[in-house]
Number of protein chains: 2
Amino acid sequence: MPVYSISHVENVRVCVVMVGLPARGKSLISQKIVRYLSWLSIKSRCFNVGSYRREIAKDAVIDAEFFDPLNTEGLHYRQQAIDAAIFDMMKWFTEENGVVGILDATNSTRKRREMILRLCRENHIEPLFLESWCNDKELILQNIADVKTTSPDYIKTPNDIATQDFLKRIEFYETVYETMDTAKDANLTFIKLVNVNSQIVLNRIETYLESRIVYYVMNLHIKPRSIWLSRHGESEFNLTGQIGGDANLSERGWRYAKKLPDLVLKSLGEELKHTNLTVWTSTLKRTQQTASFLPYKKLQWKALDELDAGECDGMTYEEIEERFPDDFKARDDDKYEYRYRGGESYRDIVIRLEPIIMELERQENILIITHQAVLRCLYAYFMNVPQEESPWMSIPLHTLIKLEPRAYSTLVTRIKADIPAVSTYKEKGTSQLGEAKTGELIFKSRDLINNSEEAL
Amino acid sequence: MPVYSISHVENVRVCVVMVGLPARGKSLISQKIVRYLSWLSIKSRCFNVGSYRREIAKDAVIDAEFFDPLNTEGLHYRQQAIDAAIFDMMKWFTEENGVVGILDATNSTRKRREMILRLCRENHIEPLFLESWCNDKELILQNIADVKTTSPDYIKTPNDIATQDFLKRIEFYETVYETMDTAKDANLTFIKLVNVNSQIVLNRIETYLESRIVYYVMNLHIKPRSIWLSRHGESEFNLTGQIGGDANLSERGWRYAKKLPDLVLKSLGEELKHTNLTVWTSTLKRTQQTASFLPYKKLQWKALDELDAGECDGMTYEEIEERFPDDFKARDDDKYEYRYRGGESYRDIVIRLEPIIMELERQENILIITHQAVLRCLYAYFMNVPQEESPWMSIPLHTLIKLEPRAYSTLVTRIKADIPAVSTYKEKGTSQLGEAKTGELIFKSRDLINNSEEAL
């Protein structure tokens, strides 16, 4: 029988219709929403009209004039692009049971939005308009800089020319742009973000999914920051191959704890060595012992405790295989969904980590010392790792991982402590611990999300 | 060492300054926020200026003219009332370490709000203005009806005269009222609710506590509905006095399960018997077996699972007392905070139930079949039971509880199935199970919150 998290309470499909001039962060917001919802097992996809346009008009010259509302050739291509994106999105809703589709385009005019609204209504999809409105010049220029360096439209264009061209493109859009308005659009469900989220207007937000998206968007910030992840140092249970429990650190685990302050300083570099950061641990001794030499503020979270192995707590994998062979196999077959007798599954951890993720989005520099399964789930969120892969990622002991979220990707740095530790990686189909064959997975600085593709 | 939930991440104090004409639901919103935050262990209190005014002007005639902005005597009393309320609030912040204080008054003018703003800034308290703006006549009349029947100002006044007088009182306020405005109040942190929450404007919401209050208020609705709570039927573990586990129902437990559909129908009455409701259970067998004869949609929630007793799972209280005498005593001394070795405390349950509460606020008719400790926490939220009492409440087996949240109170109906079951109530200081001495606690239809007191 399926187990529900809140995301399953409703049976609705939502089309998030982005609205906004170019360089207003629409693609960034779209892709963050997709990542967040996918992590929560809500099937989501972004349809970026810009990439459709690039495909369809690949032989045309794409400069600012292409976007002149009086340029009939440009208009023709752009209409084809939006039609193709909507067609694919509707197909995805129907054939792949999509739940949240995001139409990432400027959708500048009320006429365009009414067309999308009508299509959504005909297909029993709830339309949620999400406008990013911005008049903060600095923010816009920063966004343009991001787009310029990543957009295929400007691959061969020198920087200053690209900026000028892009500003002109925006001017063309401005001539027809109609902002969302609580009077004129009173009947629509919409979120209007003013200068990121310094002001937010919510109109007719009704379903759970909508309110969830609102809450997430409300908590995003764009200040640069880093997140550090580490497992606790090697524990006495690690030495004996037992899972769970609340053991102390081993002698080598203590050595890692003593070295951790240095690793953090090294990762900060000379100029940032006075950066203030906060350490989050679980409530279990081995994470607190690992944090004990760090000269920063510390918080304990029950939600960061290791996956609860229920009746198998304290056993080795061999013992589990012997005593519960069917369970052992079932877990290998679907490690994400498998719930230990009286314990938890990876999916359960994701549900209890959701408030931690929300709080991480709000915070600046945080160092998290936690456990193998929990760290896999946190890492999967930041690096967009699919659910079927995340429980099999190798996250070795005695290694500090630094994540630096950027506009369209996350930089990963791995700092090894050079203190030996046992491997706690169990490969599929065996109860033996050993080095991970898929161990390189974690260290590929994989793109968080696709490259920026500015909208049609 | 203290364990943190998200509420502890920040070290801020917030003053929620209510803004709105009379009969806009300000007191209701204030009191719901206090109840929600208190349940989350965030120290909160509401300061209702109307009750201060009633105390200060107890010899004056309180009719509409009292609120005429030209009535100097009325103005004098009202000024004294707001001064006294603010004085007490500031004292509470300082001397009792208050975290969220709510100033429940009309705070109609920008001048008044600037005075409060200045005071907050001087005392390092974050001001959050929360306006309830409403032009829906039906909603206003419904609010007036609620206030009339509960306000001490109208105790001796016939209904129609009270309504007329109250409408006139509102008119006086309207002559000076200034709504929150994104241009004029651009520098303030505020939430503006338009017609409950059909439209919401958020300005400069920055801290976690603020965003939490926004999310809660966003999810409130005022449609009438009921919530049913029941423990699972008697289980085989109940018979042997064991805690935790995942046992099947006993024979008597199955009889309760079979009778439950009838009890629900009885609680609905003839005219409502086709009401649609949804059943939520935990992931444990005994709750699903109890739900198995109910002809409604069912959802399973991991978050509704019983308190995890960790190493004590499956033991009787006698065994726990024998094996872990210090733990046994520690739990009796502070049952809310005590966390079982490798398991949970009541506080941990509240944290994992928070999304359930949020979802319950959004939903209409829900029947929850869960476990003793979880039910205590849910009940404590709806009935505003203090944390030190809630773990000691008696919630007998084989009893359906129906809650009907009303504007200023919650009606409680208890429907006994008349099927015998063991008692699972453990009194403080003993390991014996027996009838609860404090058993009547749960069945007092205690007021959810104080009576409505309309603002100054």
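Rules used throughout
Residues numbered from 1 in each chain as written. Chains lettered and ligands numbered in written order. Predicted model: local features only at pLDDT ≥ 70, side-chain atom pairs only at ≥ 80, totals over all residues. Heavy atoms only, no water. Helix = DSSP H or I, 4+ residues; strand = E, 2+ residues; numbered from the N terminus. Rg over C-alpha atoms; globule rule 2.2 N^0.38 Å. Buried < 20%, exposed > 50% of the residue type's maximum accessible area, 1.4 Å probe, protein only. Contact = heavy atoms within 4.5 Å. Areas by Shrake-Rupley, 256 points an atom, 1.4 Å probe, with all protein chains shown as cover. Pairing = 2+ DSSP bridges. Least-squares fit on C-alpha atoms with pLDDT ≥ 70 in both. Lys, Arg positive; Asp, Glu negative; His and termini not counted. Salt bridge = Lys/Arg side-chain N within 4 Å of Asp/Glu carboxyl O. Patch = residues over 30% accessible without salt bridge, like charges linked within 9 Å, V, L, I, M, F, W, Y side chains within 5 Å. Charge placed at Lys NZ, Arg CZ, Asp CG, Glu CD. Axes fitted to C-alpha atoms, helices over the stretch in contact; angles between N-to-C directions. Buried area = accessible area lost by both parts, 1.4 Å probe. Polar contact = N/O pair within 3.5 Å; in protein donor to acceptor, adjacent residues only side chain to side chain. Nonpolar A, V, L, I, M, F, W, Y, C, P; charged D, E, K, R; others polar. Expected span 1.5 Å × (residues − 1). pLDDT = per-residue confidence, 0-100. Domains from an automatic or database assignment.

- Chain A is annotated in an unreviewed UniProt entry as 6-phosphofructo-2-kinase domain-containing protein from Lodderomyces beijingensis.

**Considerations on the overall build of chain A**
1) Next: Within chain A, the regular secondary structure consists of 14 helices and twelve strands.
2) Next: Taken against the 2.2 N^0.38 rule, which gives 23 Å for 456 residues, the C-alpha radius of gyration of chain A at 24 Å falls within 12% of a compact globule.
3) Next: The principal-axis extents of the C-alpha atoms in chain A amount to approximately 75 × 55 × 40 Å.
4) Next: Taking all 456 residues of chain A together, 59% fall into the buried category.
5) Next: Counted over contacts in chain A with a minimum sequence separation of 6, partners at least 24 positions apart contribute 71%.
6) Next: With an accessible surface of roughly 19,000 Å², chain A has 50% of that area assigned to carbon and sulfur atoms.

**Concerning the pairing of strand 5 (residues 190-194) of chain B**
As a general feature of sheets, a regular strand has side chains that alternate between the two faces.
Residue and element names in this part refer to chain B.
1) Next: In terms of burial, strand 5 is a largely internal element, five of the five residues being buried.
2) Next: Burial along strand 5 is two-sided: the face carrying Phe 190, Lys 192 and Val 194 and the face carrying Ile 191 and Leu 193 are both buried.
3) Next: Bridge count between strand 4 (residues 126-133) and strand 5: five bridges; the pairing is parallel. Within strand 5, the residue paired with Glu 131 across the bridge is Lys 192.
4) Next: Pairing of strand 5 with strand 6 (residues 199-203), which is carried by five bridges, proceeds in the antiparallel orientation.

**Notes on the relation of the copies chain B and chain A**
1) Next: Overlay of chain B on chain A (RMSD 0.1 Å): rotation 180°, translation along the axis 0.0 Å. One copy is carried onto the other by what is essentially a two-fold rotation axis. Scanning chain B for the C-alpha nearest the rotation axis identifies Val 201 of chain B, at a separation of 2.2 Å.
2) Next: Mapped onto chain A, 100% of the interface residues of chain B are again interface residues, and the two copies thus contact each other with one and the same surface.

**A few points about the side chain of Arg 331 of chain B**
All names here are of chain B.
1) Next: When you line up the elements, Arg 331 lands in helix 12 (residues 325-333).
2) Next: For the buried Arg 331, which has no salt bridge, the nearest side chain bearing the opposite charge is Asp 332, at an N-O separation of 6.3 Å.
3) Next: In this view, Arg 331 contacts Leu 307, Tyr 317, Tyr 338, Tyr 340 and Tyr 346; residues no more than four positions away in its chain are not counted.

**As for a negative patch on the surface**
1) Next: On the surface, a cluster of negative charge is made up of Glu 318, Glu 319, Glu 321 and Glu 322 of chain A.
2) Next: Residue Glu 322 of chain A is classed as exposed on the basis of its relative accessible area of 69%.

**Considering the sheet that holds strand 4 (residues 126-133) of chain A**
1) Next: Read from one edge to the other, the open sheet built from twelve strands follows the order 2(A)-3(A)-1(A)-4(A)-5(A)-6(A)-6(B)-5(B)-4(B)-1(B)-3(B)-2(B), with strand pairing classed as mixed. Each having just a single partner strand, strand 2 (44-48) of chain A together with strand 2 (44-48) of chain B make up the two edges of the open sheet. Each strand axis lies, on average, 15° off the axis of its neighbour in the sheet, ignoring direction.
2) Next: In this structure, strand 6 (residues 199-203) of chain A lies alongside strand 6 of chain B, joined through five bridges in antiparallel fashion.

**Points about the interface of chain B and chain A**
1) Next: Contacts between chain B and chain A engage 43 residues on the former and 43 residues on the latter.
2) Next: Regarding the contact of chain B and chain A, the summed buried area is about 3,600 Å², with carbon and sulfur atoms giving 55% of it.
3) Next: For the interface between chain B and chain A, the tally reads zero salt bridges.
4) Next: The interface formed by chain B and chain A contains 15 residue pairs in polar contact (both at pLDDT 80 or more).
5) Next: Elements with a contribution of two residues or more to the side of chain B that touches chain A: strand 6, helix 7 (208-219), strand 9 (297-300) and helix 13 (346-362) of chain B.
6) Next: Sorting elements by how many residues they give to the side of chain B that touches chain A places helix 7 of chain B first, with seven residues.
7) Next: For the side of chain B that touches chain A, the per-class residue count stands at 17 nonpolar, 13 polar and 13 charged.

**Things to note about helix 6 (residues 159-176) of chain B**
1) Next: Relative to the 26 Å expected for 18 residues at 1.5 Å per residue, helix 6 of chain B spans 27 Å between its end C-alpha atoms, a close match to the ideal helical length.
2) Next: When we look at burial in helix 6 of chain B, the residues that qualify are Ala 162, Thr 163, Asp 165, Phe 166, Arg 169, Ile 170, Phe 172 and Tyr 173 of chain B.

**Some thoughts on helix 2 (residues 49-56) of chain B**
Residue and element names in this part refer to chain B.
1) Next: Listing the buried residues of helix 2 in full gives Val 49, Gly 50, Tyr 52, Arg 53 and Arg 54.
2) Next: For helix 2, the elements touching its buried residues are strand 2, helix 3 (72-95), strand 3 (100-104) and helix 6.
3) Next: Sitting at the head of helix 2, Asn 48 places a side-chain oxygen 2.9 Å from the backbone nitrogen of Gly 50.

**Digging into the confidence of the model for chain A**
All names here are of chain A.
1) Next: Across chain A, the average pLDDT comes to 89, with 93% of residues at 70 or higher.
2) Next: The model gives residues 437-456 a pLDDT under 50, and that stretch makes 79 contacts with residues more than four places away or in other chains.
3) Next: Scored as a whole, the predicted complex attains pTM 0.87, and scored at its interfaces, ipTM 0.81.

**Thoughts on the domain arrangement of chain A**
Residue and element names in this part refer to chain A.
1) Next: In terms of domain boundaries, chain A breaks down into domain 1 (10-217) and domain 2 (227-455).
2) Next: Relative to domain 2, the C-alpha centre of domain 1 lies at a distance of 35 Å.
3) Next: Taken together, the 31 residues of domain 1 in the interface contact 24 residues of domain 2.
4) Next: At the boundary of domain 1 with domain 2, total buried surface from both sides reaches about 2,400 Å², with 56% on carbon and sulfur atoms.
5) Next: In terms of surface lost to domain 2, no three residues of domain 1 exceed Gln 31, Arg 35 and Trp 39, which account for 35% of the buried area on that side.
6) Next: Along the contact surface separating domain 1 from domain 2 lie two salt bridges.
7) Next: Between the two partners, domain 1 and domain 2, sit eight residue pairs in polar contact (both at pLDDT 80 or more).
8) Next: For the side of domain 1 that touches domain 2, the secondary-structure elements that each account for two or more residues are helix 1 (26-39), helix 2 (49-56), helix 5 (137-150), helix 6 (159-174) and helix 7 (208-219).

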